[in-house]
Amino acid sequence: MQARRPERIAGRQAPSAAVLLLGALVLTACGARPTPVHEFQFFAMGTLVEVTLANVENAPAQEARRAIEGLFRRAEGDWDAWRPGALARFNRRLAGGRPFAVDADLLPLLQGSSELSRRSHGLFDPAIGRLTELWGFHRDESRGRPPEPEAIAALMRRRPAMSDLRWNGREVQGTNPAVQIDLGAYAKGYAVDLAIAHLRGVRIANALVNAGGDLRAIGRRGERPWRIGIRRPRSAGVLATLELGEDESVLTSGDYERFFMYDGKRYHHILDPRTGYPAQGAMAATVISRGAAEGDAAATALVVAGPSEWQAVAHDMGIAQAMLIDGLGRIHLTEALRPRLRFTIDPERGIPMDMDPKP
Ligand code: ADP
Ligand code: MG
């Protein structure tokens, strides 16, 4: 089956120099009226953010571009635990162990992610910030080798978890010094949701916001629905394409986004909060959800859940449409998603495992 070329590939792509040089604005005036399509892109939150607006005049499109870029800039400062900003301040105060009032902007992220953590059976758990740091996945350059097993074991004895946060209204108190919050599996989806909310607020009803594979689309691309591609894990190609409904999000997490090889083994950035080691058993998970933030958390949780638990976790997180690619390249789909995907390979045969150019 030959899939048509999708607008967007869901999956983080390293921004090429060309993309960075193009800078903030690429305007594709797609023919004359009635469907002007504006596209722009910028680099934020460690990834390439691409925004496509349909049926919008030039002036409001330019304004939206400025607003969305500003929003992502603030998000990357405030919600990254390793940059000076709101989350870093929060983590310092949490470590102090005294109750304190949480910033109004940060509060919904913490409360939303706590709830999703609970529903994920604790497999999505932003309380693992110290673990992320120990593995070195908070930086772009990899550590190159796993941390000492004793260091992991010492942290795991204290089992950092979101449930260690004691809430009283908008006040919080840390009860476990091993807890540091890392919103890396949630904040990008949340920023995408904020961008969509902004667009709706200025009456832009047809848009696609894609933050490195974390995307949400509303309305249509002019005459037809938005069409996206789901990236094939560990390779640059498209695995399947999908047409989106009026308001849908598509989120993918995988073991190929950030990883290093050591002694012939892959160590990737999605950590299992139960073991302290990179999750085993799945190379990627894709979910379709209403909001991007909840989908972001769910995609991460499904990678941790792996082939034995993913269906139960998806169900409890309210996700009906999901795909898991297990460690052997086999494709598992929920019944609700199966008929919507147009695969570029035979899904029954899975991903050919001999094709692992960058393992
Ligand atoms: P990406 O950011 O590449 O789209 P994810 O959404 O899966 O991928 O987020 C991965 C990031 O989330 C990691 O780099 C780390 O900061 C954090 N993280 C890793 N494992 C977990 C987990 N089990 N629960 C919550 N956050 C996690
Ligand atoms: Mg995620």
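Residues numbered from 1 in each chain as written. Chains lettered and ligands numbered in written order. Predicted model: local features only at pLDDT ≥ 70, side-chain atom pairs only at ≥ 80, totals over all residues. Heavy atoms only, no water.

Asks: How do you make sense of the coordination of the magnesium ion (ligand 2) when you look at a structure like this?
Replies: Geometry reference: four tetrahedral donors at a metal, ideal angle 109.5 degrees. Six octahedral donors, ideal angles 90 or 180 degrees. The coordination sphere of the magnesium ion (ligand 2), as far as protein atoms go, consists of Ala185 (O), Asp296 (O), Asp296 (OD) and Thr300 (OG1), spread over 2.0 to 2.7 Å. If you list the donors of the magnesium ion (ligand 2) from N- to C-terminus, the spacing comes out as A-x110-D-x3-T. Of this pair, Ala185 sits in the loop between strand 7 (171-174) and helix 7 (187-201) while Asp296 sits in helix 8 (residues 292-316), placing them 111 residues apart in sequence. We classify Asp296 as buried; its relative accessible area is 5%. (Donors = N, O, S within 2.8 Å, 3.2 Å for Na, K, Ca; no water. Helix = DSSP H or I, 4+ residues; strand = E, 2+ residues; numbered from the N terminus. Buried < 20%, exposed > 50% of the residue type's maximum accessible area, 1.4 Å probe, protein only.)

Asks: Quick question: what am I supposed to make of helix 2 (residues 58-78) here?
Replies: Turn by turn, an α-helix covers 3.6 residues, leaving residues three or four places apart pointing in a common direction. Taking 1.5 Å per residue, 21 residues should reach 30 Å; helix 2 reaches 30 Å between its end C-alpha atoms and fits that length. Residues of helix 2 that are buried include every one of Ala61, Gln62, Ala64, Arg65, Ile68, Glu69, Leu71, Phe72, Ala75, Glu76 and Gly77, and no others. (Expected span 1.5 Å × (residues − 1).)

Asks: Teacher, can you tell me more about the pattern of salt bridges here?
Replies: A side chain of one charge can pair with a side chain of the opposite charge when the charged atoms of the two come close. Scanning all chains against the criterion turns up 21 salt bridges. For Asp80, the salt bridge identified is with Arg83, shortest N-O distance 3.5 Å. Judged by relative accessible area, which is 25%, Asp80 ranks as partly exposed. For Glu243, the salt bridge goes to Arg227, with nearest N and O atoms at 3.7 Å. With Glu243 in strand 11 (residues 238-243) and Arg227 in strand 10 (residues 227-231), this residue pair connects regions lying 16 residues apart in the sequence. Residue classification places Glu243 among the partly exposed residues on the basis of a relative accessible area of 34%. Given the relative accessible area of 9%, Arg227 is considered buried. Connected through shared salt-bridge partners, Arg65, Glu69, Arg73, Glu76, Asp80 and Arg83 make up one network. (Salt bridge = Lys/Arg side-chain N within 4 Å of Asp/Glu carboxyl O.)

Asks: When you look at the confidence of the model for the protein chain in this model, what are you seeing that I'm missing?
Replies: Predicted coordinates in regions of low pLDDT should not be interpreted in detail. Residues of the protein chain with pLDDT of at least 70 account for 89%, and the chain-wide mean is 90. Low pLDDT, under 50, characterises residues 11-32; the predicted model gives this stretch 40 contacts beyond four residues in sequence or across chains. (pLDDT = per-residue confidence, 0-100. Contact = heavy atoms within 4.5 Å.)

Asks: Would you take a moment to explain the site of ligand 1 for this structure?
Replies: In the region of ligand 1, 20 residues are neighbours, and Asp125, Asp182, Ser253, Leu271 and Thr300 sit closest. A distance of 2.5 Å is found between an oxygen atom of ligand 1 and a side-chain nitrogen or oxygen belonging to Asp182. At a separation of 2.9 Å, an oxygen atom of ligand 1 approaches a polar side-chain atom of Asp296. Out of a free accessible area of 570 Å², ligand 1 has 96% covered by protein chains. Here the shell around ligand 1 takes 3 residues from helix 8, the largest share from any one element. Considering only residue class, the shell around ligand 1 consists of 9 nonpolar, 5 polar and 6 charged. (Near = heavy atom within 4 Å. Polar contact = N/O pair within 3.5 Å; in protein donor to acceptor, adjacent residues only side chain to side chain. Areas by Shrake-Rupley, 256 points an atom, 1.4 Å probe, with all protein chains shown as cover. Nonpolar A, V, L, I, M, F, W, Y, C, P; charged D, E, K, R; others polar.)

Asks: Please clarify how the packing of aromatic side chains should be interpreted in this entry.
Replies: In this description, an aromatic ring pair is defined by two values, namely the gap between the centres and the angle between the planes. Counted under the stated rule, the structure contains 10 aromatic pairs. One aromatic cluster is present, built from ring pairs that chain together Trp135, Phe137, Phe260, Tyr267 and Tyr277. The ring of Tyr267 has Lys265 sitting right over it, with the charged end atom 5.2 Å from the ring centre. Between Arg266 and the ring centre of Phe259, over which it is positioned, the NZ or CZ distance is 4.3 Å. (Phe/Tyr/Trp six-rings, centres within 6.5 Å; stacked < 30°, edge-to-face > 60°. Lys NZ or Arg CZ within 6 Å of the ring centre and 35° of its normal.)

Asks: Sorry, what's going on with the pairing of strand 6 (residues 165-168) here?
Replies: Put simply, side chains in a regular strand alternate between the two faces of the sheet. Here strand 6 pairs with strand 7 via 4 bridges, running antiparallel. Within the sheet, the bridge partner assigned to Arg166 lies in strand 7 and is Gln173. Taken together, strand 6 and the strand that follows it, strand 7, pair antiparallel across an intervening segment of 2 residues, in which Gly169 is found at a positive phi of about 65°. (Pairing = 2+ DSSP bridges.)

Asks: In this structure, what is going on with helix 4 (residues 107-119)? I would like to understand it.
Replies: Taking 1.5 Å as the rise per residue, helix 4 with 13 residues should run 18 Å; its terminal C-alpha atoms sit 19 Å apart, in good agreement. Buried residues belonging to helix 4 abut helix 3 (86-96), strand 6, helix 7 and helix 8. In the segment just after helix 4, His121 is the residue with positive phi, at about 65°.

Asks: It is not clear to me how the sheet that holds strand 5 (residues 100-101) should be interpreted in this structure. Could you clarify?
Replies: Pairing between the strands of a sheet is mediated by backbone hydrogen bonds and can be parallel or antiparallel. Here 3 strands make up an open sheet; going across it, the order is 5-7-6 and the pairing antiparallel. Both outer strands of the open sheet, strand 5 and strand 6, are each paired with one neighbouring strand and no more.

Asks: So what exactly am I meant to see when it comes to the side chain of Ser289 here?
Replies: For Ser289, the position within the fold is in strand 15 (residues 282-289). Taking relative accessible area as the criterion, Ser289 reaches 7% and is therefore assigned buried. Sequence-distant contacts of Ser289, that is, excluding residues within four places in its chain, are made with Glu248, Ser249, Leu251, Glu294, Gly295 and Ile319.

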